[in-house]
Amino acid sequence: TISPSAVATEGPAGNLEVGEEYSVRDLVKAMLVVSSNDAATAIAEFYGQEQFINRMNVKAALLGMRQTSFADSTGISFLNQGTAEDLEKLAKYIYENHPELLEITRQKSVRILELSKNAEKELLNINNFAFNGHPDFVGGKTGFTDQAGGNLLSIFDHEGKKILVIVFGTEDRFGETKKLYNWVKEAYSF
C-alpha cells in the first residue's frame, strides 16, 4: 500500500497515489523504469525501513561490493556511496542471476496494476537507450542526485560481447555513455 510518506519522497514519483496497492514486482518495475523513489520507499516500508536498508548492505557485502554502503532505500542521500568497480560486480550478478531485471530496464514502457481498482498504468522508460530502442542495449539503470549529478550504468551487446559502460557526475549521461560505447567498438577488435 502506498503511504503518504512514500508519495512525499523526493524525486520521480511514478504517478503513484496514497492508498493505492501494488505487488512488489510492479513496484520494482516502477523503480527500474522511471526511478520511482516512492515505489522504493513503499517497498522499504513494507519490509521495515531499517531491515530493508540492512539487507541492502548485507547483499552488497555478499557480492564483494566493499566500497558500497546504503543509508536509505531510494539512493537520494549523499550518504549512499559506491564505486564503478562495485557497480561492475552488481551488474555481473544481475546479468548472471536475474536477467529478468535487465529485461524490464530495456522495455520502452511497462504496465503496472493497481490492485484495489484493478487499473493498469503505463510507465514510459526514462532511459533513452530503452525508450528509443537502441538495438545493442541489454539493460541498465539511470541515477541522479544533486550532489552526484547524472549517472548511468549500461550493458550493451556488440558482436556477442557484453560491454559495460558506467558514467558518473555528468550532465549528459546518455551522450557520454554513447561516446564511450562507440570508442570501445572502434578501439578494440572482438
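Shown above is the structure to which this text applies.
What counts, and at which threshold
Per-chain numbering applies: the sequence of each chain, read as written, is numbered from 1 onward. Local features are withheld for residues below a pLDDT of 70 in this predicted model, meaning they are given only at 70 or higher, and side-chain atom pairs are given and counted only at 80 or more; totals for whole chains, interfaces and linings count all residues. Side-chain metrics rest on all non-hydrogen atoms present in the structure, leaving aside hydrogens and water. Elements are defined by DSSP. Helices are runs of H or I of four residues or more, strands are runs of E of two residues or more, and each kind is numbered from the N terminus. The globule rule is 2.2 Å times the number of residues to the power 0.38, and the radius of gyration it is compared with is taken over C-alpha atoms. To sort residues, take the accessible area from a 1.4 Å probe on protein chains only and compare it with the maximum for the residue type: under 20% means buried, over 50% means exposed, and anything in between is partly exposed. Any pair of residues with heavy atoms lying within 4.5 Å of one another is described as a contacting pair. Only the protein chains shown count as covering a residue, and every accessible area follows the Shrake-Rupley method with a 1.4 Å probe. Definition used in this section: a nonpolar core is a set of buried Ala, Val, Leu, Ile, Met, Phe, Trp, Tyr and Cys residues joined via side-chain atoms within 4.5 Å. In short, DSSP must find at least two bridges between two strands for them to pair. Pairing of aromatic rings covers Phe, Tyr and the six-membered ring of Trp, with a centre-to-centre limit of 6.5 Å; geometry is then stacked below 30 degrees between planes, edge-to-face above 60, and tilted otherwise. Two thresholds decide whether a charge sits over a ring: the Lys NZ or Arg CZ must be within 6 Å of the ring centre and within 35 degrees of the ring normal.

Chemist: Please explain the overall build of the protein as it appears in this structure.
Modeler: Per the secondary structure count, the protein includes eight helices and five strands. From first element to last, N terminus to C terminus, the protein shows the α and β order α-α-α-α-α-α-β-β-α-β-β-β-α. By the compact-globule yardstick of 16 Å for 190 residues, the protein fits well, its C-alpha radius of gyration being 17 Å. By principal-axis analysis of the C-alpha atoms, the protein measures approximately 55 × 35 × 30 Å. Across the 190 residues that make up the protein, the buried fraction comes to 40%. Taking all contacts inside the protein whose residues are at least 6 apart in sequence as the whole, residues at least 24 apart take part in 43%. Total accessible area on the protein stands at roughly 10700 Å², and carbon and sulfur atoms take up 53% of it.

Chemist: Just checking my understanding: could you explain the nonpolar core for this structure?
Modeler: Within soluble globular proteins, side chains that are nonpolar generally end up buried alongside one another. Formed by 16 residues in total, the largest nonpolar core has its most connected members in Ile2, Leu16, Tyr22, Leu27 and Leu123. Broken down by element, the residue count for this core peaks at five residues, all from helix α2 (residues 24-34). Counting eleven residues, the second-largest nonpolar core is a separate cluster that includes Phe129, Leu152, Phe156 and Tyr181.

Chemist: Honestly, the pairing of strand β3 (residues 137-145) in this entry has me stumped. Any pointers?
Modeler: Each regular strand displays side chains that alternate between the two surfaces of the sheet. Where β3 and strand β4 (residues 149-158) come together, eight bridges link them in antiparallel fashion. Across the sheet, Thr142 pairs through a bridge with Leu152, a residue of β4. Linking β3 to β4, which pair antiparallel, is a turn of three residues.

Chemist: Where do I start with helix α3 (residues 37-47) in this structure?
Modeler: Along an α-helix, residues three or four positions apart point the same way, because every turn accommodates 3.6 residues. Along α3, eight of the eleven residues are buried, which leaves the element largely enclosed by surrounding structure. Among the residues of α3, those classed as buried are Asn37, Asp38, Ala39, Ala40, Thr41, Ala42, Ile43 and Ala44. Buried residues in α3 make contact with α1 (4-7), α2 and α4 (49-62). Gly48 occupies a position one or two residues after α3 and carries a positive phi of about 105 degrees.

Chemist: What exactly am I supposed to notice about the packing of aromatic side chains here?
Modeler: Two aromatic rings, taken as a pair, are described by how far apart their centres are and by the angle between their planes. All told, the structure shown has eight aromatic pairs when counted by the stated rule. Each ring, one from Phe129 and one from Phe156, has its centre 5.3 Å from the other, and the planes form 90 degrees; the classification is edge-to-face. On the criterion of sequence distance, the pair formed by Phe129 in helix α7 (residues 128-131) and Phe156 in strand β4 is long-range, its members being 27 residues apart. When sorted by exposure, Phe129 lands in the same class as Phe156, which is buried. Members of the aromatic cluster, connected to one another through ring pairs, are Phe129, Phe137, Phe156, Phe174 and Tyr181. The ring of Phe131 carries Lys108 above its face, with NZ or CZ at 4.9 Å from the centroid.

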